[in-house]
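Geometric and topological summary
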Amino acid sequence: MKRLLIVIAAALSFACTRQEVIFLNNMTAECTLKKGEVIMLPVQEDAPAAKLYVIGNKEKIQYDILPATSTVDYHVQYKAEDNCVVRIEGVSFQSVFYKKLKRGHDGKKHSFLHFTPSSGWINDPNGLVYKDGVWHMYFQYNPFFSKWGNMSWGHATSKDLVNWKEHPVALMPDSLGMIFSGSAACDKNRIAAMYTSAGKGQSQSLAWSYDGGMTYVKLPSNPVLKSSNPDFRDPKIFRYEDSWRMVLASGNTIEIYSSSNLIDWDYESCFGEEIGNHGGVWECPDLFELPYLDGKKWVLLVSNTRDTNHGSAVQYFIGDFDGSEFTPCDNNVRWLDYGRDFYAAASWNDAPDGRRVAIAWANNWQYANDIPFVGTRGGMTVPRELSLLDYGDDIVLKNKPVHEIVHTLPHVAGRNPFIWEGKVVDGDEIVLRNKCGEALKISFSRNVVSVNRRFSGNVTFNDAYPSIDRAPIQASETHDVSLLVDSNLVEIFIDDGAVSFTESVFPSRQYSIIDIW
Ligand code: FRU
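Basis of the calculations
- Residues numbered from 1 in each chain as written.
- Predicted model: local features only at pLDDT ≥ 70, side-chain atom pairs only at ≥ 80, totals over all residues.
- Heavy atoms only, no water.
- Helix = DSSP H or I, 4+ residues; strand = E, 2+ residues; numbered from the N terminus.
- Rg over C-alpha atoms; globule rule 2.2 N^0.38 Å.
- Buried < 20%, exposed > 50% of the residue type's maximum accessible area, 1.4 Å probe, protein only.
- Contact = heavy atoms within 4.5 Å.
- Areas by Shrake-Rupley, 256 points an atom, 1.4 Å probe, with all protein chains shown as cover.
- Lys, Arg positive; Asp, Glu negative; His and termini not counted.
- Charge placed at Lys NZ, Arg CZ, Asp CG, Glu CD.
- Near = heavy atom within 4 Å.
- Polar contact = N/O pair within 3.5 Å; in protein donor to acceptor, adjacent residues only side chain to side chain.
- Nonpolar A, V, L, I, M, F, W, Y, C, P; charged D, E, K, R; others polar.
- Pairing = 2+ DSSP bridges.
- Axes fitted to C-alpha atoms, helices over the stretch in contact; angles between N-to-C directions.
- Domains from an automatic or database assignment.
- Buried area = accessible area lost by both parts, 1.4 Å probe.
- Salt bridge = Lys/Arg side-chain N within 4 Å of Asp/Glu carboxyl O.
- Phe/Tyr/Trp six-rings, centres within 6.5 Å; stacked < 30°, edge-to-face > 60°.
- Lys NZ or Arg CZ within 6 Å of the ring centre and 35° of its normal.

Time to look at the overall build of the protein chain. On a plain count of helices and strands, the protein chain comes out with 3 helices and 38 strands. Taken over C-alpha atoms, the radius of gyration comes to 24 Å for the protein chain, in line with the 24 Å a tight globule of 517 residues would show. Seen through its principal axes, the protein chain has C-alpha atoms that stretch 80 × 60 × 40 Å. In the protein chain, which comprises 517 residues, the proportion classed as buried is 59%. Intrachain contacts of the protein chain at a sequence separation of at least 6 include 57% that bridge at least 24 residues. In the structure as shown, the protein chain presents an accessible area of about 21000 Å², 48% of it carried by carbon and sulfur atoms. The average position of the 50 basic charges and that of the 63 acidic charges among the side chains of the protein chain differ by 10 Å.

Spelled out as structure tokens, the structure:
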């Protein structure tokens, strides 16, 4: 029987030319890949899950796949990190999957203002680090289908924060588990990446890159930091004087650790038990210093579910940090963005010219796995410059698109993407629309701005999606407004980024008309 199947396999000979697919039985097949070889796997999103194993010299890693059984929704590509055997279990040898399995790249070049990978699923930005003129962005990535799973670190780079180039996956799951969120920083001439290994529990692991961030070598003695807490993740490392600090989400709080070598960590303090919003567990902290008036202040970012209506959001605290403890200047709850699609915001380490540039996942856990499929699921906001500003009678963390983007994009409504800039007064309504009657409405009334996307296009894919969001704005005769409009994302900046809204939209045609009423 086995022989017969091998013959059948050879006779079909597949679109997959070089690597032989050998059937071990009618539901299990193997092929051998050399280091760097790529196979394109056909996916059908509503097909039953199957398993793919990558069997190398030292490890056997298991992934979930959604193999095409009757129709191909899209292909995803897997590139072998090393010589290995790929075993597919649970897919019939007669299935469409084997007819459409191909070798090689899709050949597409990806250069996006709002970064999305060529295929698969993306969530949080990870490992943001600038080195030798290159902005590195790693990201939570499922290379095998476009829903959450198989978490790895995808990788993209940019020289100008506008155009992004996608690279092979930088960190794949291993025997400690999936690779959850984390950070990276320059350490002499190598890059250190600290991430959460999510397997039986959650622990922190370290990897070094000696080739400018393209590939990583994991520390053999990983993990470097363990806990019995089931929610213990998303380490952000940064330099503090001549040693290292790490902020880490632990349940509903943020823990702070210190180290001289990134391997041995000492607990310093815990922040957040009785302060801030606790609508859900705290995730993805970031702690950094910014100029404020004649001095400096520290800012702590925390991502969590704001409430059951709003879902994902990013809160922040302003205060002081002495290397050991973070002390907030007040008990205020502040939100970095008031839209529905701004989460896991993080900033680049080692950015030039003292810049503090951040980026966020433009999505919301309430419906992220359901957004109408547009090639890949999920994407990033544009990179945003952060600064502290007095606004009304408060201090706010202002965020606005980096100048590289503002200078590059056309200021012409209808181009894709485009920027629109204007001024409004109290009582005005900005209507961003297309010719199909679909519109996003931004209304200014009595120092509150509201954004209504209930009629913005496809709003029925998930009950949590149709929304009206509100934010307070300072009392003023006029307000500056700038809109950054891409096919599926609208970013709204009011009063130079003192208030912002990030909203995903799914119109049947791109918005090209702006009316002010
Ligand atoms: C935030 C998050 C992180 C975690 C990652 C897993 O969106 O839940 O806490 O590391 O996503 O993909």
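Now that the structure has been shown, we can carry on.
Our next topic: the site of the ligand. Near the ligand lie 13 residues; those nearest to it are Asp124, Gln140, Arg233, Asp234 and Glu283. Taking Asp124, its side chain carries an N or O atom lying 2.8 Å from an oxygen atom of the ligand. In the model, an oxygen atom of the ligand is placed 3.1 Å from a nitrogen or oxygen of the Ser181 main chain. If the ligand stood free it would expose 320 Å²; the protein chains cover 96% of that surface. Broken down by secondary-structure element, the contributors of at least two residues to the shell around the ligand are strand E9 (121–131), strand E13 (178–187), strand E17 (232–240) and strand E21 (283–292). Grouping the amino acids of the shell around the ligand by side-chain chemistry returns 6 nonpolar, 3 polar and 4 charged.

All right, on to the pairing of E17 then. Most of E17 is tucked away, with 8 of its 9 residues classed as buried. Alignment of E17 against strand E18 (residues 243–250), held across 7 bridges, turns out to be antiparallel. Residue pairing across strands places Ile237 opposite Met246, the latter belonging to E18. Between E17 and E18, which pair antiparallel in sequence order, lie 2 residues; one of them, Glu241, sits at a positive phi of approximately 50°.

With respect to the helices and strands, the residue Val357 is situated in strand E27 (residues 357–361). Under the relative-accessibility criterion, Val357 is labelled buried at 0%. Between the C-alpha atoms of Val357 and Trp164, which are 193 residues apart in sequence, the distance is 16 Å. When sequence neighbours within four positions are dropped, the list of residues in contact with Val357 reads Trp135, Leu161, Ala346, Ser347, Trp348, Pro383, Arg384, Glu385 and Val402.

Taking strand neighbours across the sheet as the criterion, the 4 strands line up as E26-E27-E28-E29 in an open arrangement whose pairing is antiparallel. At either end of the open sheet lies a strand with only one pairing partner, and these are strand E26 (343–347) and strand E29 (394–401). On average, each strand axis in the sheet is inclined to that of its neighbour by 40°, with strand direction left out of account. Across 8 bridges, the pairing between strand E28 (residues 384–391) and E29 is antiparallel. Within E29, the residue paired with Tyr391 across the bridge is Asp394.

For the bond running from Asn222 to Pro223, omega is 0°, close enough to zero to count as cis. Looking at the secondary structure, you find Pro223 in the loop between strand E16 (217–218) and E17. Residue Pro417 is bonded to the preceding Asn416 through a cis peptide linkage, with omega at -5°. One can find Pro417 in the loop between helix H3 (403–408) and strand E30 (418–425). In this model, Asp496 sits at a positive phi of 60°, which is unusual for a non-glycine residue. Overall, Asp496 belongs to the partly exposed group, its relative accessible area being 39%.

Okay, the domain arrangement of the protein chain next. Partitioning the protein chain into domains gives domain 1 (9–103), domain 2 (110–401) and domain 3 (411–516). Look at where the C-alpha atoms of domain 1 and domain 2 centre, and you get two points 33 Å apart. Carbon and sulfur atoms supply 61% of the area that domain 1 and domain 2 bury against each other, a total of about 1400 Å² over both sides. Among the residues of domain 1 in contact with domain 2, Glu45, Tyr63 and Tyr74 are the three that bury the most area, contributing 33% of the side total. Taken together, the connections running from domain 1 to domain 2 amount to 1 salt bridge. Seen at the junction of domain 1 and domain 2, the total is 5 residue pairs in polar contact (both at pLDDT 80 or more).

Let us now look at the environment of Ser152. With respect to the secondary-structure elements, Ser152 resides in strand E11 (residues 152–158). Look at Ser152 and you get buried, because its relative accessible area is 0%. It is 35 Å that separates the C-alpha atoms of Ser152 and Asn452, two residues lying 300 residues apart in sequence. Leave out the neighbours within four places in its chain, and Ser152 touches Phe139, Gln140, Tyr141, Pro143, Val169, Leu171, Met172, Pro173 and Ile179. At 2.9 Å, the side chain of Ser152 forms a polar contact with the backbone oxygen of Asn150.

Before going further, it helps to examine the sheet that holds strand E8 (residues 102–103). Here we have 3 strands laid out as an open sheet, ordered E6-E3-E8, and antiparallel in their pairing. Edge positions in the sheet fall to strand E6 (74–79) and E8, since each of these pairs with one other strand and no more. Direction of pairing for strand E3 (residues 38–43) relative to E6: antiparallel, over a ladder of 6 bridges. Its bridge partner being in E6, Val43 is matched across the sheet by Tyr74.

Take the pattern of salt bridges next. Counted under the stated rule, the structure contains 25 salt bridges. The salt bridge partner of Lys51 is Asp64, with a shortest N-O separation of 2.6 Å. Highlighted residues: Lys51 in strand E4 (residues 50–55) and Asp64 in strand E5 (residues 60–65), separated in sequence by 13 residues. Two residues, Arg239 and Asp187, come together in a salt bridge whose shortest N-O distance is 3.5 Å.

The subject of this paragraph is the packing of aromatic side chains. For the coordinates displayed, the defined rule picks out 34 aromatic pairs. With centroids separated by 5.7 Å and ring planes inclined at 25°, the aromatic side chains of Tyr78 and Phe144 adopt a geometry described as stacked. With a gap of 66 residues between them, Tyr78 in strand E6 and Phe144 in the loop between strand E10 (134–142) and E11 connect regions that are remote in the sequence. Pair check on accessibility: Tyr78 and Phe144 agree, each one buried. An aromatic cluster of three or more residues is present, and its members are Phe115, Tyr130, Trp135, Phe139, Tyr141, Trp164 and Trp348. Positioned above the aromatic ring of Trp208, the side-chain terminus of Arg190 is 3.5 Å from the ring centre.

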